[in-house]
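So the chains spell out like this:
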Amino acid sequence: MKPYGIIILFVMLFLSCSSRQEKIVTPWGDSIAVAGLQERENFSNDDDRHLFDLSEILQAGELIALTISGPTTYYDYRGNHLGVHAMLCQQFADSIGVRLRWELCRDTAELLARLHDGDGDLIVYPLKGADIDSLGWYVGEERPLLYDALCDWYRPGRMLQAKAEEQRLLTPGGGVRRKVYAPMQNRAKGIISAYDGLFQRCCQPIRWDWRLMAAQCYQESTFDPNATSWAGARGLMQIMPQTADHLGLKRTDLTNPEQNISAAARYLAELEQTFSDIPSRHERQNFILAAYNGGAHHIRDAMALTRQAGRDATRWDQVSEYVLKLSQPQYYENPVVRYGYMRGRETVDYVRLIRQRYQQYRGVKASAPVGSTPQKSQNERHRQKYKI
């Protein structure tokens, strides 16, 4: 680094975030106070790196964050990015009106190297000596406008608010708005739900026992077609909007029982192909249910850990042990793990509870005709009409 570069870095590390010279207007119309644009010209890039500062980030419409997976930094939870630092970074990206892209690294050395090479715009990970002291994040001296924007945006109370919000979302039932229906609509008549006919019809092409899908549906939504989670999942089978797009389901149809169940069946069929290397159908369905809840990538990570330990990666009772262990650093930081930290307890419980309910449902025969709700026979309607 050239001498004047060292001087500028020293000044950035110790000056307060209060000095401002100019403002940048975000796509939302908000005005962000930043250091003068002329200041960026004082930094030298003698190599071929193209380092984005705030003005380029706003123009591109994307902020690239580098991090290491962990319970407080970043982890994937049912298609959403959680961890206090991840949630804060998303709030910052929203405040400047850009999308946020995450790049996972193995260690701090990779974090710093990729930031230096221009593969990311900032490090969202607690580092000693970081230039955003209150967060522990690091931007680097080549991005003074982004540095000032972060200082201007962050307040200590944001960290406490993010922790409280994450805790609320992860509390069982705290993140889903739904009406709770009984797990059996009419045990005497062998009716599980109002959607038995749909389960029967949609499970035929994928060769699933419709009662297993009914048990999964109750775990997802308690048979409420209007159930909505904080993450955006909707409907009986709690399908995420992005998954709906992939499956060809219109987002406006997410709460339509027939469309929702049909799309979920197609997704189960896709996951069946993903885990086609598991020979036992019973075991494969356990893996499919786990992937539906926790993501196929995390389940594959647990399978890799199981194989590494010399155990059977095609048996759920053995793989589930490593799903649980993916919440521990010595496991989610293992080189064979590609997708990092996982809240495995929820996924293991998810499979267990569905299997328990399925055992309760197995005594119910497929007596309802194909359709959205059980229908009375024509003779029964005739008898009721004429009170025979």
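See above for the structure.
Each residue is numbered by its place in its chain's sequence as written, counting from 1. Local features in this predicted model are restricted to residues of pLDDT 70 or higher, and side-chain atom pairs are both shown and tallied only at a pLDDT of 80 or more, whereas totals for entire chains, interfaces and linings draw on every residue. Neither water nor hydrogens contribute to the side-chain values; these are computed over all heavy atoms in the structure.

For the protein, the count of helices and strands is 17 helices and nine strands. For the protein, the share of sequence-separated contacts (at least 6 apart) that also reach a separation of at least 24 residues comes to 63%. Entry remark: accessible area of the protein is about 19300 Å², with carbon and sulfur atoms responsible for 50%. Each helix is a run of DSSP H or I of at least 4 residues and each strand a run of E of at least 2, with the numbering of both proceeding from the N terminus. Contacts: residue pairs with any heavy atoms within 4.5 Å of one another. Note on areas: Shrake-Rupley, 1.4 Å probe, and residue coverage restricted to the protein chains presented here.

Let's shift gears to the sheet that holds strand S6 (residues 99–104). Two strands make a pair as long as DSSP finds a minimum of two bridges between them. Taken in spatial order, the three strands line up as S6-S3-S7 in an open sheet, and their pairing is parallel. If you trace the sheet from one side to the other, it starts and ends with S6 and strand S7 (122–123), each paired once. Judged from the two bridges that link them, strand S3 (residues 62–67) and S7 form a sheet pairing that is parallel. Residue pairing across strands places Ala65 opposite Leu122, the latter belonging to S7.

Further remarks concern the packing of aromatic side chains. Centres within 6.5 Å make a pair out of two Phe, Tyr or Trp rings, where for Trp the six-membered ring is used; the pair is then stacked when the planes are under 30 degrees apart, edge-to-face when over 60, and tilted otherwise. Counted under the stated rule, the structure contains ten aromatic pairs. Three or more aromatic residues joined by ring pairs make a cluster, and in this case those are Tyr75, Tyr332 and Tyr341.

It is worth spelling out helix H5 (residues 108–116) at this point. Every buried residue of H5 is accounted for by Leu111, Arg114 and Leu115. Taken end-on, H5 shows its buried residues confined to a sector of 100 degrees, consistent with a single buried face. Structurally, H5 contributes buried residues whose contacts are with S3, S6 and S7. Between the side-chain oxygen at the start of H5 and the backbone nitrogen of Ala109 there is a gap of 3.3 Å, and the oxygen is on Asp107. Buried residues are those whose accessible area, probed at 1.4 Å on protein chains only, stays under 20% of the maximum for their type, while exposed residues exceed 50% and partly exposed ones sit between those limits. What the arc measures is the spread of directions leading from the helix axis to the C-beta atoms. Polar contacts, as used here, are pairs of N or O atoms within 3.5 Å; protein pairs need one atom able to donate a hydrogen and one able to accept it. Residues neighboring in sequence count only if both atoms are side-chain atoms.

We define a salt bridge as a side-chain nitrogen of Lys or Arg found within 4 Å of a carboxyl oxygen belonging to Asp or Glu. If you walk through the whole model with that rule in mind, you get 16 salt bridges. A salt bridge links Arg114 to Glu110; the nearest nitrogen and oxygen atoms lie 3.7 Å apart. Highlighted residues: Arg114 and Glu110, both in helix H5, separated by four residues, approximately one helical turn. A relative accessible area of 17% places Arg114 in the buried class. It is possible to trace a salt-bridge network through shared partners that takes in Glu62, Arg99, Arg101, Glu103, Glu110, Arg114 and Asp119.

What follows concerns the nonpolar core. One finds Phe199, Met213, Ile239, Ile261 and Ile299 to be the most contacted residues of the largest nonpolar core, which totals 64 residues. With seven residues, the top contributor of residues to this core is helix H9 (residues 210–221). Residues contacting Phe199, with those up to four places away along its chain left out, are Ser193, Trp210, Met213, Ala214, Cys217, Phe223 and Ile261. Put simply, a nonpolar core is a bunch of buried Ala, Val, Leu, Ile, Met, Phe, Trp, Tyr and Cys residues held in one set by side-chain atoms that sit within 4.5 Å of each other. Listed in part, the 32 residues of the second largest apolar core include Tyr74, Phe92, Leu100 and Trp102.

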